[in-house]
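# What the coordinates show
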Amino acid sequence: TQLLEQSPQFLSIQEGENLTVYCNSSSVFSSLQWYRQEPGEGPVLLVTVVTGGEVKKLKRLTFQFGDARKDSSLHITAAQPGDTGLYLCAGAWNTGNQFYFGTGTSLTVIP
Amino acid sequence: DTGVSQDPRHKITKRGQNVTFRCDPISEHNRLYWYRQTLGQGPEFLTYFQNEAQLEKSRLLSDRFSAERPKGSFSTLEIQRTEQGDSAMYLCASCETGKVRGELFFGEGSRLTVL
């Protein structure tokens, strides 16, 4: 059972389009992370957000933590084929940094 | 430092056999995590250690699963009497403690196929 639900599960878009991935939970997290995973490799951290309402930008990627710290979104502007991969959110509670991952969003950007 | 390493990368076994996976974390990281991942899904938390202490093991999938980290360095994950449903990627990750924005560093995983 995974505590974080991501939507959509699959996303296939054309190069240059924008997209948003959502991560939702009924639990409150002390921090939330986004990772990207490519086939045959482990996930790699993109960003960590810790404050409700926090917005962080990483080049064409914008991450937002919900005010209540139960949800988050990842927005990609002008997607490129190199953005293709499995995007994962992961939440941690105060009690010991147990990171629980979301269900994942598989993104394919078509040239 | 070469990062988190896992061994073996691939394991094919027959149902009923025991398998063991090894994880060597980044040397200065005292937290070590095990996850299971099936194709296209997010990693499923199994257990984690701080140094040699196993702090959470209630998420281990059954009593056939066990993990150790005897000297607080490398860790092993053992699956006894494997079943076909155990086929998955087993990921290990490590991190430093005491950091609010702590980052998990993952290995490349050990892929298990149970025939």
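To start, this report covers the structure provided alongside it. (Residues numbered from 1 in each chain as written. Chains lettered and ligands numbered in written order. Predicted model: local features only at pLDDT ≥ 70, side-chain atom pairs only at ≥ 80, totals over all residues. Heavy atoms only, no water.)

### Some thoughts on the packing of aromatic side chains
Short version of the rule: Centres within 6.5 Å are what make two rings of Phe, Tyr or Trp a pair, Trp counting through its six-membered ring; a difference in plane orientation under 30 degrees is then read as stacked, over 60 as edge-to-face, and the rest as tilted. Secondary structure elements follow DSSP: runs of H or I no shorter than four residues count as helices, runs of E no shorter than two count as strands, and numbering proceeds from the N terminus. Buried, partly exposed and exposed residues are distinguished by accessible area as a fraction of the type maximum, computed with a 1.4 Å probe on protein chains only: under 20%, between the cut-offs, and over 50%, respectively. We count a charge as sitting over a ring when the NZ of a lysine or the CZ of an arginine lies within 6 Å of the ring centre and within 35 degrees of the ring normal.
One pass over the full model with this rule turns up 13 aromatic pairs over all chains. On the basis of an interplanar angle of 20° and a centroid distance of 5.5 Å, the ring pair of B:Phe21 and B:Tyr90 is categorised as stacked. Taken together, the residues B:Phe21 in strand 3 (residues 19–24) and B:Tyr90 in strand 9 (residues 88–95) connect sequence positions 69 residues apart. Residue B:Phe21 shares its accessibility class with B:Tyr90, and that shared class is buried. One aromatic cluster is present, built from ring pairs that chain together A:Tyr35, A:Phe99, A:Tyr100, A:Phe101, B:Tyr33, B:Tyr35, B:Phe45, B:Tyr48 and B:Phe106. Taking the ring centre of B:Phe74 as reference, the NZ or CZ of B:Arg22 above it sits at 3.9 Å.

### Remarks on the environment of A:Arg36
Residue and element names in this part refer to chain A. Threshold: It only takes one pair of heavy atoms within 4.5 Å for two residues to be counted as in contact. Pairing of N or O atoms within 3.5 Å defines a polar contact, subject to two protein rules: one partner must be a possible hydrogen donor and the other a possible acceptor, and residues neighboring in sequence count only if both atoms are side-chain atoms.
For Arg36, the location among the structural elements is in strand 4 (residues 31–37). Remark: the alpha-carbon pair of Arg36 and Leu88, spanning 52 residues in sequence, is separated by 6.1 Å. The residues contacting Arg36, other than those within four sequence positions of it, are Gly42, Pro43, Val44, Leu46, Gly82, Asp83, Thr84, Leu86 and Tyr87. Engagement of the side chain of Arg36 in a polar contact is seen with the side chain of Glu38, the distance being 2.6 Å. Within polar-contact distance, the side chain of Arg36 engages the backbone oxygen of Gly82 at 2.7 Å.

### Digging into the state of the cysteines
Put simply, the rule reads: Note on disulfides: each one is a pair of cysteine sulfur atoms within 2.5 Å.
Counted by the stated rule, this structure contains two disulfides over all chains. At a sulfur-sulfur separation of 2.1 Å, the disulfide partner of A:Cys23 is A:Cys89. Between A:Cys23 and A:Cys89 the sulfur-sulfur dihedral comes to about 80°; the bridge is accordingly right-handed. Of this pair, A:Cys23 sits in strand 3 (residues 19–24) while A:Cys89 sits in strand 9 (residues 85–92), and the two are 66 residues apart along the sequence. Taking the relative accessible area as the measure of exposure, A:Cys23 reaches 0% and is therefore buried. By relative accessible area, which is 0% here, A:Cys89 ends up buried. The side chain of B:Cys23 participates in a disulfide bridge whose partner is B:Cys92; the two sulfur atoms lie 1.8 Å from each other. The chirality of the disulfide connecting B:Cys23 with B:Cys92 is left-handed, given an S-S dihedral of about -65°. With a gap of 69 residues between them, B:Cys23 in strand 3 and B:Cys92 in strand 9 connect regions that are remote in the sequence. Pair check on accessibility: B:Cys23 and B:Cys92 agree, each one buried. There is no disulfide at B:Cys95, and the cysteine sulfur nearest it, in B:Cys92, is 11 Å away.

### Some details on the pattern of salt bridges
All names here are of chain B. The cut-off we apply is this: For this document, the term salt bridge refers to a Lys or Arg side-chain nitrogen within 4 Å of an Asp or Glu carboxyl oxygen.
Throughout the structure, instances matching the rule amount to seven salt bridges over all chains. Across the salt bridge formed by Glu108 and Arg9, the nearest N and O atoms sit 2.9 Å from each other. A residue pair is termed long-range when its members are at least 10 positions apart, and Glu108 in the loop between strand 10 (105–106) and strand 11 (110–114) and Arg9 in the loop between strand 1 (5–7) and strand 2 (10–13) qualify at 99 residues. Given a relative accessible area of 39%, Glu108 falls into the partly exposed group. One salt bridge in this structure joins Arg22 and Asp24, with 2.8 Å as the shortest N-O distance. By relative accessible area, which is 26% here, Asp24 ends up partly exposed.

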